[in-house]
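# A look at the structure
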Amino acid sequence: MSLAISHETSSLRETHIRSLEKLLNLNQDVEDLEKDPNYKSEFPIWKVLIFDKSGSETISSVLRISDLRKHGVTVHMNITSSRQPIADVPAIYFVQPTEENVEYIIDDLSKGLYESAYVCFSSSIPRSLLEKFAELASKTNTSHMINQVYDQYLNYVVLESDFFSLQLPRVFHTIHSPSSDDVLIEHTIQSTVNRLFSVIVTLGTIPIIRCPQGSAAELVAKKLNQRLKDHLMNTKDVFGSLNPKVRPLLILLDRTVDLVPMINHSWTYQALIHDTLNMQLNRVTIESADEGKVSKQSYDLNGSDYFWEANANKPFPEVAENIDEELTRYKNDANEITKRSGVSSLEEFNADAFTDSAYLKTAVSLLPELTARKQLLDMHMSIATAILKAIQERHLDDFFQMEDNVTGLNKTAILACINDKSKGTPEDKLRFFIIWYLSVDAVPSTDLQAYEEALLNIGCTLEALNFVKRVREITKMTMLASSTARPAANQSGDNIFRGFSSLSSKFTDRFKEAGIGGLENIISGVRNLIPFRKDGTITSIVQSLMDPGSSSVSKQTESYLVFDPKASQASSDLRGINKRQIFNEAIVCVLGGGNYLEYGNLMDWAKEQNPPKHITYGSTDVQSPSQFMNEMASLS
């Protein structure tokens, strides 16, 4: 096994992609290959890629088909699919180390489907399974066909530059359900440790671990600490070239530290897509009806999308304005070419029409880029149209505004929102009410009864609320969110919402074509709202641990446990570790679910620091508000 170590602070996505590219090149570093004078003539080696569901999710979240082809992958298929022989090429297997996958690989080799096999397990293969693999290969006389067996430590998914998911669903339910037995909980904790270990291996660093006492996070921290100790002891070259002074903080937290971000009605582009369009693994599917026929269009949002990278965490009205500006810029660039060629559109472009050969070369080189930009803007136009439709249908702007000032609402306002049949779905109202319930100090029993009756009358089921009521006392003990709201830098109420008022006629017409009218009326209720950005609970905790003394919650986090995997086995007493140390890098992992709103809040805070902090955020899985509401309801 060989691990790529980065000497510079790169994003998790960058290091993750480098690891995948190395896998696709038969575990040879791409940079080393490119230095080979025979690289262009001998590489890439054409090959077949075989993966399971987990491997597919890991790859598809950061690489496209064109990226696979660049590294010599001509065909990619699921390991369970029926496959025809391609006998003259090697096959890369990127799968989880399971008995079923091992048997699939041996069966393929026995049938002679491929010339040879490079087996890349997404995590460490247990010794017993490795021995069975060798035994099966020997029995079937296929050992000579297996060129490599690697532990890749890539059993997680990267969704954004520094946002990962361990792809472990229902961890929140497992941890908090009375029906979960010790075996299930132990399996969940161990799976979390294994996948989090893979993230750490990819980043190429040994963190100092902090977590609250008496929690699932503590169980994970202890096991992960021991796993890292064992790995350092048994694998001499791993992390050996790293600067020992540059070590991040790994902060492990339970989801109950703050439930609110999981069900908030957000106003940022990325969070709205996740909430309204159910984005999964950076893919959005939009349904549209035309003359009674329903069609679906899927879009991928990833790091190669320049508009997404620049706008994902911005308020939706500002994104709408930026789409308008990009459309204007595109039209100006396209008009420059069409004007010089004498055609009315790029579709009519004909190189033979040019008399200026110098400009012809420039125009031809610009056409692919302009076409790609147009496709990108069309995609974001479609997504923005679908979001705006959801805002109009569910009055999401009203819910966002109320939740932004939730502690200032009285009983009359709460009941008015619940009883207003024109606003939102029953789930929207229950989400809003739970946020209010968790944000106030106490609710009189008579008032709570009135609220619950109102919620039942509009069709809400109260299972999620019943669960929140049960854990409210524990939650209130740990909800440490700063009460100080911070306006976003260079941002005011006027310029946040000017995006809607300055939409181009083309953008406005697009909404009208989709049957969405009254654009001004949709946002009139929030036009005067100044969306102050508040430090969420987890952001406040991260601030207090990375820069002790700078946060209002520093006293509460002083009791957090400390684990140092580099400390000797004998020095189990870590009270001497400096808890006042300042960190510039941190990995934050929430057990029980995370989302884009929390990620965006952390990234905003990190960028505002001087010098900026580098934070990698992740969770056991990424859930939409609706998914998390269902998980809480299942615990009632």
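Please refer to the structure placed before this passage.
Quick summary incoming for the structure in this document. (Residues numbered from 1 in each chain as written. Predicted model: local features only at pLDDT ≥ 70, side-chain atom pairs only at ≥ 80, totals over all residues. Heavy atoms only, no water.)

### Focus: the side chain of Asp428
Following the sequence through the fold, Asp428 ends up in helix α18 (residues 426-439). Here Asp428 falls in the buried class, since its relative accessible area comes to 0%. In this structure Asp428 touches His265, Arg394, Leu396 and Phe399, once residues within four positions along its chain are discounted. (Helix = DSSP H or I, 4+ residues; strand = E, 2+ residues; numbered from the N terminus. Buried < 20%, exposed > 50% of the residue type's maximum accessible area, 1.4 Å probe, protein only. Contact = heavy atoms within 4.5 Å.)

### Regarding the sheet that holds strand β2 (residues 73-78)
Strand order in the open sheet made by the 5 strands is β2-β1-β3-β4-β5, with parallel pairing throughout. Each having just a single partner strand, β2 and β5 (146-151) make up the two edges of the open sheet. Direction aside, the axes of adjacent strands within the sheet are offset by 20° on average. Taken together, the 4 bridges between strand β1 (residues 47-51) and strand β3 (residues 86-95) define a ladder with parallel strand orientation. What sits directly across from Leu49, in β3, is Ile92. (Pairing = 2+ DSSP bridges. Axes fitted to C-alpha atoms, helices over the stretch in contact; angles between N-to-C directions.)

### Quick look at the pairing of β3
Across the 10 residues that make up β3, a large majority, 7, are buried. Following the backbone out of β3, through helix α6 (residues 99-111) and into the adjacent parallel strand β4 (residues 114-121), one traces a crossover that is right-handed. (Right-handed = clockwise from strand over helix to strand, strands pointing away.)

### Here's the deal with the pattern of salt bridges
Under the counting rule described, the total for this entry stands at 27 salt bridges. A salt bridge links Lys22 to Asp29, with the nearest nitrogen and oxygen atoms 3.8 Å apart. Looking at Lys22, the relative accessible area reads 7%, which means it is buried. Here Arg283 ties to Asp300 by a salt bridge, and the two come within 2.8 Å at their closest N and O atoms. A residue pair is termed long-range when its members are at least 10 positions apart, and Arg283 in strand β10 (residues 283-290) and Asp300 in strand β11 (residues 293-300) qualify at 17 residues. Look at Arg283 and you get partly exposed, because its relative accessible area is 41%. Among the ionic contacts, a cluster of salt bridges with common partners joins Asp275, Arg394, Asp428 and Arg431. (Salt bridge = Lys/Arg side-chain N within 4 Å of Asp/Glu carboxyl O.)

### Side note on unusual backbone geometry
Cis geometry is found at the peptide bond from Asn610 to Pro611, where omega equals -5°. With respect to the secondary-structure elements, Pro611 resides in the loop between α26 (596-608) and β16 (614-619). A positive phi angle, close to 60°, is found at Leu26, a residue other than glycine. Secondary-structure assignment places Leu26 in the loop between α1 (12-24) and α2 (30-35). Phi at Arg170 takes a positive value of approximately 60°, unusual for a residue other than glycine.

### Details of the sheet that holds strand β7 (residues 163-165)
Strand order in this open sheet of 7 strands is β6-β7-β16-β15-β9-β8-β14, and the pairing throughout is mixed. The open sheet has two edge strands, β6 (157-160) and β14 (561-563), and neither has a second partner. Direction aside, neighbouring strands of the sheet carry axes that sit 25° apart on average. When β7 meets β16, the two strands line up parallel, connected through 3 bridges. The residue bridging Phe164 from the neighbouring strand is Gly618, located in β16. Packing against the sheet, α1 makes contact with β6, β7 and β16, and its axis sits at approximately 140° to β6.

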